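Descriptive analysis of the structure
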Amino acid sequence: MTDFGLARIESDVAMTMTGDLIGTLRYMSPEQALAKRAVIDQRSDIYSLGATLYELLTLKPPYEGDNRQELLKQIAFENPPKPRQLSRSILPDLETIVLKSIEKRPDERYATAGELADDLRAFLEDRPIKAKPPNLIQRSAKWSRRHKPLVWSAGASSAILLLVAVVILAVSNRYITVEQIEKSEALVARTKALAEKDKALTSAAENLLLAEKRKAEAISEATRAGRIVAMMENVFESANPDSTNGSDYTVRELLDSYSRDLDDQLDDYPEVEATIRLTLGKAYYRLWESEKAELHLKKALDLRRLTAKPEELAETLLAYALQLNRTDLNRAEPLIRESLAIYRDIDPSSDGALNAMHALQLYMRSAGKRAESEAIAEEALAIARASDNMERAAVPAILHSLGTSKRLRGELDPAIRMLAEAVALHRHTNGNDHPETAWALDHLYRALAERGDYSLAELACLECLALRRKLYGHAHMLTYRTLCFLGTIQQSLGERVAAIRTFREAIALYGRIQNDGSSISLFDHHSAESATMSLVVLLTQQSQDADAMELLSDFTPQTAAGYLGRARYYEETEAIEKALSDYVHAVEVHPGHVTAKLAIFDFCERHDFHEKALVQLDESIVRHPVNPGLKEVRKRVMKTLLTLPNAPQ
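Scope of this entry: the structure provided in the associated data block.

Conventions we followed
- Residues numbered from 1 in each chain as written.
- Predicted model: local features only at pLDDT ≥ 70, side-chain atom pairs only at ≥ 80, totals over all residues.
- Heavy atoms only, no water.
- Helix = DSSP H or I, 4+ residues; strand = E, 2+ residues; numbered from the N terminus.
- Contact = heavy atoms within 4.5 Å.
- Areas by Shrake-Rupley, 256 points an atom, 1.4 Å probe, with all protein chains shown as cover.
- Phe/Tyr/Trp six-rings, centres within 6.5 Å; stacked < 30°, edge-to-face > 60°.
- Buried < 20%, exposed > 50% of the residue type's maximum accessible area, 1.4 Å probe, protein only.
- Lys NZ or Arg CZ within 6 Å of the ring centre and 35° of its normal.
- Core = buried A, V, L, I, M, F, W, Y, C linked by side-chain atoms within 4.5 Å.
- Salt bridge = Lys/Arg side-chain N within 4 Å of Asp/Glu carboxyl O.
- Polar contact = N/O pair within 3.5 Å; in protein donor to acceptor, adjacent residues only side chain to side chain.

A look at the overall build of the chain
The secondary structure content of the chain amounts to 30 helices and zero strands. Taking the intrachain contacts of the chain between residues at least 6 apart in sequence as the baseline, contacts between residues at least 24 apart amount to 56%. A total accessible area of about 36,400 Å² is found for the chain, and carbon and sulfur atoms account for 55% of it.

With respect to the packing of aromatic side chains
Applying the stated criterion across every chain yields a total of three aromatic pairs. Ring geometry for Y445 versus F485: centroids 5.2 Å apart, planes at 50°, classification tilted. Here F485 lies in helix α22 (residues 477-492) and Y445 lies in helix α20 (residues 435-451), a separation of 40 residues in the sequence. For the pair Y445 and F485, a shared accessibility class is recorded, and that class is buried. On the basis of an interplanar angle of 50° and a centroid distance of 6.0 Å, the ring pair of Y569 and Y570 is categorised as tilted. Note on accessibility: Y569 and Y570 belong to one class, buried. The side chain of R326 reaches across the aromatic face of Y285, ending 3.7 Å from its centre. The residue whose ring lies beneath R468 is W439, and the NZ or CZ to ring-centre distance is 4.5 Å.

Some words on helix α5 (residues 92-101)
Within the sequence span of α5, burial applies to L94, E95, T96, I97, V98 and S101. Its buried side turned inward, α5 meets α2 (42-58), α4 (83-86) and α6 (113-124).

Observations regarding the nonpolar core
In this structure, Y445, Y480 and Y583 are the most contacted members of the largest nonpolar core, which totals 97 residues. What Y583 contacts, discounting residues up to four positions off in sequence, is L564, A567, R568, E571, A599, I600, F603 and R606.

Regarding unusual backbone geometry
Despite not being glycine, S543 has its phi angle at roughly 65°, a positive value. If you check the backbone angles, E574 has positive phi at about 65° while not being a glycine. Looking at where E574 falls in the secondary structure, it is placed in the loop between α26 (560-572) and α27 (576-589). With relative accessibility at 66%, the residue E574 sits in the exposed group.

A short note on the pattern of salt bridges
One pass over the full model with this rule turns up 29 salt bridges. A salt bridge links K470 to D433, with the shortest nitrogen-to-oxygen separation between them at 2.7 Å. In this pair, K470 is assigned in helix α21 (residues 454-472) and D433 in the loop between α19 (412-429) and α20, connecting sequence segments 37 residues apart. Here D433 falls in the partly exposed class, since its relative accessible area comes to 41%. Salt-bridge contacts for R469 lead to E505; the nearest nitrogen and oxygen are separated by 2.5 Å. Of the two residues, R469 sits in helix α21 while E505 sits in helix α23 (residues 496-515), which places them 36 residues apart along the sequence. In this structure E505 comes out as partly exposed when scored by relative accessible area, which is 32%. Because the salt bridges share partners, they merge into one network encompassing E374, K406, R409 and E411.

Some remarks on the environment of C604
The topology assignment puts C604 in helix α28 (residues 594-607). Given a relative accessible area of 0%, C604 falls into the buried group. Residues C604 and L580, 24 residues apart in the sequence, show an inter-C-alpha distance of 8.4 Å.

Description of helix α3 (residues 68-77)
R68, L71, L72, Q74, I75 and A76 are the residues of α3 that are buried. Each element contacted by the buried residues of α3 is listed here: α1 (30-33) and α2. Near the N-terminus of α3, the side chain that reaches the backbone nitrogen of Q69, with its oxygen 2.9 Å away, is that of N67.

Here's what the structure looks like:
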């Protein structure tokens, strides 16, 4: 390529002949081939470069032949085939660059190698090139130069014909002056030029606006990224064990510290603030810090309603709705449906759409609409199966929610199959250490225990407990709940020593959570009181009466579960009067508690204690006169009393 024919003596016509023209014939420019006595400048090299590029693209040189004179004639007077005639894979712009490089006349080629390089670079970067294909006039001029004798002959004949035509036209169009024709042509040309200019200006303006828009977006994204990076550096530095916070600085403490200063740092960056608040809200949601999660997610949603793209808005709506599913169902539903509508407009089978369907499924289940919840879950699973991708993140969550719904309806066999599949999918899709894997295990061990498969339930519960300790630590409400259920399973298996140890740990953990000031639900309070009374019963069964009495003396029930647990203990230890009192109190504190209503009636059946029960119930009815549950229990007690000898009137 660098030789261009300068050096070697060979018999092949492709090579230079000693004492003759300098340069390899195939890459020699027309002015060199004609041996013109003119300055051979860089434009000859441009030709040679073009000829080389031609051969690289087409795998053929521009001119071929075994005869030296014939080859020189072709170079000087003939045009090679266009590259696209030899290979349709060559793009038009690249063909234009090559043909401009090998023009016959030097002044029609690129003036410098830099110009050629600029056009090649523009082609590679998908930008417009400067070279243009020759128009009709230029092609005609080139043809005329190559066929001068024919042109001169045709010119003479044309002159005679033209003379005749002029005479005829002069007669027939005597009213049309030359000036009018020229004005008309000038007007057409001017109009065309103005139109082209307007078109060019419009295109330039559009390109400028597009460029400015992209520049503004790039600056915005760069600013956003820069702010996020700077703030994340502060976060990670605060978590550094060598910092003033120390090595015991927890994730929750880090989030709290970061949240306190958030408002002051991001007043001028709403998009950045929305992104960071969404991240913080999701983190607090996973940590079951509902109040803090709702604060950040609500602010993120307000900001994204003003600035965000549809998909970002849908993501934020969904995150906020999931939090409201725990605290305010009525506010959650419209947000979930709005998010789902946005995702369906974008792509009905997307991961976002499936996530929104999962959220709607959870809402329906929480609202007691189990049939609707299951229908939504089945629809979502059908979409996932149709896309032949059951490994998407939302699918195992939907599956284990559907299994839970089946469990709550008492359909334990299909529930356990679904929950086992969900656990396997979570492990494959999300990993063994994911919170959703723990949730699937949670529902699985509950279903197994309800079916009486306590050994399998214990294994699943132990795995779930280990995972939650790893994810949330030992002093977390979810860890506490899992401990309570593990103790119940061990008690059902007759593993008294293990159950005592587990219940002690659960009760101690509950005390720590209370002291930390964390919000505690009524369900968790029920669990704590049930665990306490289960521990009292187990200690009594293990002849650890002193420990049982000490625990019992410090225990004051506040829920139906607590009163029922203590009533059963009193009944087992034959403290019948105390047992009756606690059974009645269980109904009083929770009038809608079906188990408490049945328990007091069963107690009366076992101990022939109906009249005293009736007195207790009457006292309760006086305190709660509008409670239909108490009156219903009284009717059942009275019905039993009427069947007994000496029944009261």
